[in-house]
Amino acid sequence: MNRMRLKAFFSTLAAMAFTILSAPLFQSCGIYSFSGTSIQPDVHTVTINYFEYKALRVNPSLSNDITEALKDQFQRLTRLEQVDIDGDLEITGEITGYDVRATAVTADEVAAQNRLTVTVKIYFTNRKYPEDDFEKSFSAYADYDSMQSLDSVEATLCEDIIDTLIEDIFNATVANW
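Parameters and conventions
- Residues numbered from 1 in each chain as written.
- Predicted model: local features only at pLDDT ≥ 70, side-chain atom pairs only at ≥ 80, totals over all residues.
- Heavy atoms only, no water.
- Helix = DSSP H or I, 4+ residues; strand = E, 2+ residues; numbered from the N terminus.
- Buried < 20%, exposed > 50% of the residue type's maximum accessible area, 1.4 Å probe, protein only.
- Contact = heavy atoms within 4.5 Å.
- Areas by Shrake-Rupley, 256 points an atom, 1.4 Å probe, with all protein chains shown as cover.
- Pairing = 2+ DSSP bridges.
- Patch = residues over 30% accessible without salt bridge, like charges linked within 9 Å, V, L, I, M, F, W, Y side chains within 5 Å.
- Salt bridge = Lys/Arg side-chain N within 4 Å of Asp/Glu carboxyl O.
- Lys, Arg positive; Asp, Glu negative; His and termini not counted.
- Charge placed at Lys NZ, Arg CZ, Asp CG, Glu CD.
- Core = buried A, V, L, I, M, F, W, Y, C linked by side-chain atoms within 4.5 Å.
- Polar contact = N/O pair within 3.5 Å; in protein donor to acceptor, adjacent residues only side chain to side chain.
- Phe/Tyr/Trp six-rings, centres within 6.5 Å; stacked < 30°, edge-to-face > 60°.
- Lys NZ or Arg CZ within 6 Å of the ring centre and 35° of its normal.
- Axes fitted to C-alpha atoms, helices over the stretch in contact; angles between N-to-C directions.
- Parallel < 35°, antiparallel > 145°, perpendicular 65-115°, else oblique.
- Left-handed = near helix turned anticlockwise from the far one by under 90°.
- Nonpolar A, V, L, I, M, F, W, Y, C, P; charged D, E, K, R; others polar.

Participant: Help me understand the overall build of the protein, please; the structure alone is not making it clear to me.
Facilitator: Secondary structure assignment for the protein yields 3 helices and 6 strands. Split into buried and exposed, the 177 residues of the protein put 34% on the buried side. A separation threshold of at least 6 residues defines the contact pool for the protein, and within that pool the share at least 24 residues apart is 65%. In the structure as shown, the protein presents an accessible area of about 11300 Å², 53% of it carried by carbon and sulfur atoms.

Right, dumping it as structure tokens:
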């Protein structure tokens, strides 16, 4: 009977030791999370400004769609409070390109496939750590069959493009990738 108590005691002791020793691995220095972000502990707020539309070809909903998608991403994956002005982090963006080009040409020199490319320029400001500030352009594209009109596939293409852009912008600003 004494032997079973001793075994239970050592089993409990081993579990406690494992928990204590592994805790620093999960806590680290306080700037990493399971969502992949590396936000300093003293950064609490973010301001995401409306993306201006400066591309020649017009898509009337793209500015709003990108702005809202980025806000949603930050809300879902960070602990940061979104504020209208003067956040610890601030993201300002502009859509600088919205272009369609032929990507695959048939033997008859006719476009078989087209590519919609969206380019955004981001201005990132970190008021607590100004060395992290940057200005950078991001592009994403989606291909579609040239037998389809852009109008018929534009919404679906833009969803895919926005998803890629938001992931890239998010990673560049708070995941340090």
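Participant: Could you clarify how one ought to interpret the pairing of strand β1 (residues 45-48) in this entry?
Facilitator: Consecutive side chains along a regular strand alternate between the two faces of the sheet. What you see with β1 is no split at all: Thr45 and Thr47 on one side and Val46 and Ile48 on the other are buried throughout. Inspection of the sheet shows β1 paired to strand β3 (residues 81-82) by 2 bridges, in the parallel sense. Looking at the pairing, valine 46 lines up with glutamine 82 of β3.

Participant: Explanation requested: a negative patch on the surface in the structure shown.
Facilitator: Negative charge collects at one region of the surface, where Asp65, Glu68, Asp72, Glu159, Asp160, Asp163, Glu167 and Asp168 lie side by side. Contributing elements (two or more residues each) for the negative patch: α2 (62-77) and α3 (150-175). When residues of the negative patch are assigned to their parent elements, the largest contribution, 5 residues, is made by α3. For aspartate 72, the position within the fold is in helix α2.

Participant: Mind showing me how you'd approach the nonpolar core here?
Facilitator: Looking at soluble globular proteins, one finds that nonpolar side chains tend to be buried together. With 36 residues, the main nonpolar core has Leu62, Ile66, Leu70, Phe74, Val118, Val120 and Leu165 as its most contacted residues. With 12 residues, α3 is the single largest residue contributor to this core. Not counting the four nearest positions on each side in its chain, valine 118 is found in contact with Leu62, Ile95, Gly97, Tyr98, Phe138, Ser139, Ala140, Ile161 and Leu165.

Participant: Would you mind showing me how to read the side chain of asparagine 59 here?
Facilitator: Tracing the backbone shows asparagine 59 in the loop between β2 (52-53) and α2. Exposure remark for asparagine 59: the relative accessible area of 8% places this residue in the buried category. Within the structure, asparagine 59 has its side chain in polar contact with the side chain of tyrosine 98 (distance 3.0 Å). When residues no more than four places from it in sequence are discounted, the contact partners of asparagine 59 are Tyr53, Tyr98, Glu154 and Cys158.

Participant: For this particular structure, what's the right way to read the packing of aromatic side chains?
Facilitator: Working definition: an aromatic ring pair is given by the centre-to-centre distance plus the angle between the planes. Counted under the stated rule, the structure contains 2 aromatic pairs. Pairing phenylalanine 74 with phenylalanine 170 gives two aromatic rings, centres 5.1 Å apart and planes at 70°, and the pair type is edge-to-face. Remark: phenylalanine 170 occurs in helix α3 and phenylalanine 74 occurs in helix α2; sequence separation between them is 96 residues. The burial state of phenylalanine 74 is the same as that of phenylalanine 170; both residues are buried. Between the NZ or CZ atom of arginine 115 and the centre of the ring of tyrosine 141, over which it lies, the distance is 3.8 Å.

Participant: Looking at this structure, I do not really get the packing of α2 against α3. What am I missing?
Facilitator: When two helices pack together, their arrangement is given by the angle between their axes and by how far apart the axes lie. As a packed pair, α2 and α3 sit with axes 10 Å apart at the nearest point and diverge in direction by 50°. With respect to their mutual orientation, α2 and α3 come out oblique. Between α2 and α3 lies a crossing of right-handed hand. Residue-level contacts link Leu62, Asp65, Ile66, Ala69, Leu70, Gln73, Phe74 and Leu77 of α2 to Cys158, Ile162, Leu165, Ile166, Glu167, Ile169, Phe170, Thr173 and Val174 of α3. Of the residues contributing to the contact of α2 with α3, the split by class is 13 nonpolar, 2 polar and 2 charged.

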